[in-house]
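Spelled out, the chains give:
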Number of protein chains: 2
Amino acid sequence: MNKIKQVLTKQRQNKDYKDLYIIKIGGNVIDNSENLYRFLKDFAALPDFKILVHGGGKVATQLSETLGVKAKLVDGRRITDIETLRVVTMVYSGLINKNIVAQLQRFGNNAIGLTGADGDFIRAKKRPVKTVDYGFVGDLDKNSIKPKNLISLMEAGFTPVFCALTHDGEGQLLNTNADTIASALAVALANYYHTTLVYCFEKKGVLKDINDEDSLIREIDPKHYEELKKQQVIHSGMLPKLDNAFSAIASGVKKVIIGHSDDLGNIKQHQPFGTHLIDN
Amino acid sequence: MNKIKQVLTKQRQNKDYKDLYIIKIGGNVIDNSENLYRFLKDFAALPDFKILVHGGGKVATQLSETLGVKAKLVDGRRITDIETLRVVTMVYSGLINKNIVAQLQRFGNNAIGLTGADGDFIRAKKRPVKTVDYGFVGDLDKNSIKPKNLISLMEAGFTPVFCALTHDGEGQLLNTNADTIASALAVALANYYHTTLVYCFEKKGVLKDINDEDSLIREIDPKHYEELKKQQVIHSGMLPKLDNAFSAIASGVKKVIIGHSDDLGNIKQHQPFGTHLIDN
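Q: Provide a residue-level description of the overall build of chain A, including the pertinent values.
A: Check the secondary structure of chain A and you find 10 helices and 14 strands. What you see for chain A is a C-alpha radius of gyration of 18 Å, in line with the 19 Å of a compact globule of 280 residues. Taken along the three principal axes of its C-alpha coordinates, chain A extends 55 × 50 × 40 Å. Of the accessible surface of chain A, which amounts to about 12,600 Å², a share of 47% is contributed by carbon and sulfur atoms. Side chains of chain A give 37 positive and 32 negative charges; the mean places of these two sets differ by 5 Å.

The following block contains the structure:
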C-alpha cells in the first residue's frame, strides 16, 4: 500500500497523472448480445486504466416474473424487498457480471467482477425510511469509496467490473443505482488519475431533438445546462444522469461524456464523440 | 509483478515462506445459516494468507426446481446443460459468493469474491465428449492456475473467495468441482507458501466407524490409505476427496486436513483437529 502511495505522490508532484476511463453501460447494451459483444471488444481495447460499471437490464425483471416475485412500487418508485434483492444479487453479480468478465478475458483484458462488498470497495447506507421504505437500497455519500484498495487492485493489473450492488459493512448487500456508482468512483479517483467518466446509452449523446440523431449537442457547461432545462430540451430520465455528471465535474472529474456505446472506440482513436459535459 | 517475484525469491532463499490456508466448504456449511455464520467468523479470524473455496449447496437445486430446469443425469452423473449453467452461475457466483463476501467484510476480513474467470485465475478445459457429454463442465490440469496473478491479489491485502466456476479463456464459464479447485490452488501455490489445505465436512474427520465421532483417525499416510481402502473403511464419497488430497501432497502441499467446519478455530489456537493426511 505504501508503495502505491509513493507512486501516486510522485505522479502528482510530476503532474504525471495517468488516464482513467470509467465507463457505465445499461440495459440497451446488456440486453442485446450483439451490442454487448461489440462494446466489450472496444472496452477491452481501451488503454489502462479503466473501470466498467454495469446496470441490470431486463434479465432481473424476467427472472422475477418467472419466480413470481412481484415488482413493488410505491409512488412510482421501485422497492427492493428481500426477494427482489435475492434476484438482483443472482442476476447482477452472478449471471451478467461473470459473463461480462469471461468475455473480457477472451478479448485479453484481465477483468475482475465485483460488487461494492468485494474488497470493501463501495459502502452504502440503507436508505432511511421516511414516508417510503425503499427496502434494501443503498445510498452513497462522499465517504463511500476508499480509493486506496481500488488503486492497489488496478495497479496490480486488474480491470474492475462493478455491478450495481454495494454493502453496508454489516453483512448486508444493497441495491444501488449504477449511474451513481460510476459517478462516485470517478469522484473518488479524480485525485489520483486524469479521470474521464463515460455514460453509454442508446443515443449519440444529448440531442436537441430526441428524434434527430444529427441534432447532437457537442458540449454543455453548467450555465448551458440550466438553459436547456428551462427550455425542456433536457427532461425526465436524462436529468438524474446529467445531475450526477455535473456533480462529478464539480468534484474534480476531468471530463464526462454521454454517448452511444458503439462510439467507444473513438476514445482509442482520440476522436471526440457524444456530448461532453464541461466546467464553466 | 516484479516486486512480488523479488519478495518471493527472497522468502524462498531465506526459507521464510509465509503460511497459506486454503479452506474448502460444501453444502453442510453453506445450507445452514448458523453453521455458515460460525464458520465465516472463524475463517475471518485466521491469520493471512488464506483462500476460501465454496461449493454450491441446495440453493441451486431448489432454484432449478422452481424454474423448471430439470436435473439431467446420464449413467448417474450430473450434466451441466446451458440452463443449469445459468442457474449455477447465478447461485454460486452471485447469491452464495456475494453474501459470504459481505459477511466476511462484516467480520473485518477483506474478502473478494471470484470465479476462475475473474483475474484469469483458473482456466479449465471443457470435458471432451466421449461416451457422455457432460455439457459445460470444466476439468483442471497442471497449467490451469497461474499463481502470479493470485499472489499479487493476496499480497495487495485481499482474501480470495472462490466459487466452483472456471472459464475456458474463450468467453465460456464452466462448472468445476470445488474439491478439485481447492486442491489445484494448493498445488499451484505450494512453491510460494507453506500451504495447508483444509476440507471441511460434516464429520470430525475420517472415522473408523462412520457412526462414532470418537473413532477419528488422526493421521493417514499413502500406505495406510491403501489399507483403509482395502478394508472398506474409506469408500464412496470420501474416495475422490482423499485422492485429491494425496495428489496435492504428492505435489508439494505441506499438509491436508479433513475435518469439521466447527473446529476451524483450532488452527489459530495451534490445536490439531480432524484427520491429517501426510506424506510417507
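The rest of the description comes next.
Q: Before we move on, can you summarise the sheet that holds strand S13 (residues 255–260) of chain A with the specific residues and values?
A: Residues and elements named next belong to chain A. Reading across the sheet, the 8 strands line up as S5-S8-S2-S1-S11-S13-S14-S12 and stay open at both edges, with mixed pairing between neighbours. Edge positions in the open sheet fall to strand S5 (111–114) and strand S12 (219–220), since each of these has one partner strand only. Pairing analysis gives 7 bridges linking strand S1 (residues 18–25) to strand S11 (residues 193–201), with the strands arranged parallel. By the bridge assignment for S11, aspartate 19 is matched with histidine 194. Sitting on the sheet, helix H6 (residues 147–155) touches S1, strand S2 (50–54), S5, strand S8 (159–162) and S11, and the angle it makes with S8 is about 125°.

Q: Outline the relation of the copies chain B and chain A, listing residues and values.
A: At an RMSD of 0.0 Å, chain B and chain A line up after a rotation of 180° and a shift of 0.0 Å along the axis. A rotation of that kind, with that shift, is consistent with a two-fold axis. Take the interface residues of chain B: 100% of them recur as interface residues in chain A, which is what a same-surface contact looks like.

Q: Hey, could you go over helix H7 (residues 178–189) of chain A for me, with residue numbers and the actual values?
A: Residue and element names in this part refer to chain A. Counted at 1.5 Å a residue, the expected span for H7 with its 12 residues is 16 Å, and the 17 Å between its end C-alpha atoms agrees. For H7, the buried fraction is high: 10 of the 12 residues fall into the buried class. Those residues of H7 lying buried are Ala178, Asp179, Ile181, Ala182, Ser183, Ala184, Leu185, Ala186, Ala188 and Leu189. You can read the cap of H7 off the contacts: a side-chain oxygen lies 2.9 Å from the backbone nitrogen of aspartate 179, and it is on asparagine 177.

Q: Summarise the interface of chain B and chain A; cite the residues concerned and give the values.
A: At the interface, 40 residues of chain B touch 41 residues of chain A. One salt bridge in this structure joins lysine 98 of chain A and aspartate 118 of chain B, with 2.9 Å as the shortest N-O distance. Counting across the interface, chain B meets chain A through 10 residue pairs in polar contact (both at pLDDT 80 or more). Put simply, the parts of the chain that give the side of chain B that touches chain A at least two residues each are helix H4 (58–67), helix H5 (82–106), strand S5 (111–114) and helix H6 (147–155) of chain B. If you tally residues by element for the side of chain B that touches chain A, the top one is H5 of chain B, at 14 residues. Here the side of chain B that touches chain A is composed, by residue class, of 17 nonpolar, 16 polar and 7 charged.

Rules and cut-offs
Residues numbered from 1 in each chain as written. Chains lettered and ligands numbered in written order. Predicted model: local features only at pLDDT ≥ 70, side-chain atom pairs only at ≥ 80, totals over all residues. Heavy atoms only, no water. Helix = DSSP H or I, 4+ residues; strand = E, 2+ residues; numbered from the N terminus. Rg over C-alpha atoms; globule rule 2.2 N^0.38 Å. Areas by Shrake-Rupley, 256 points an atom, 1.4 Å probe, with all protein chains shown as cover. Lys, Arg positive; Asp, Glu negative; His and termini not counted. Charge placed at Lys NZ, Arg CZ, Asp CG, Glu CD. Pairing = 2+ DSSP bridges. Contact = heavy atoms within 4.5 Å. Axes fitted to C-alpha atoms, helices over the stretch in contact; angles between N-to-C directions. Least-squares fit on C-alpha atoms with pLDDT ≥ 70 in both. Expected span 1.5 Å × (residues − 1). Buried < 20%, exposed > 50% of the residue type's maximum accessible area, 1.4 Å probe, protein only. Polar contact = N/O pair within 3.5 Å; in protein donor to acceptor, adjacent residues only side chain to side chain. Salt bridge = Lys/Arg side-chain N within 4 Å of Asp/Glu carboxyl O. Nonpolar A, V, L, I, M, F, W, Y, C, P; charged D, E, K, R; others polar.

Any functional reading would require information that these geometric values do not contain.
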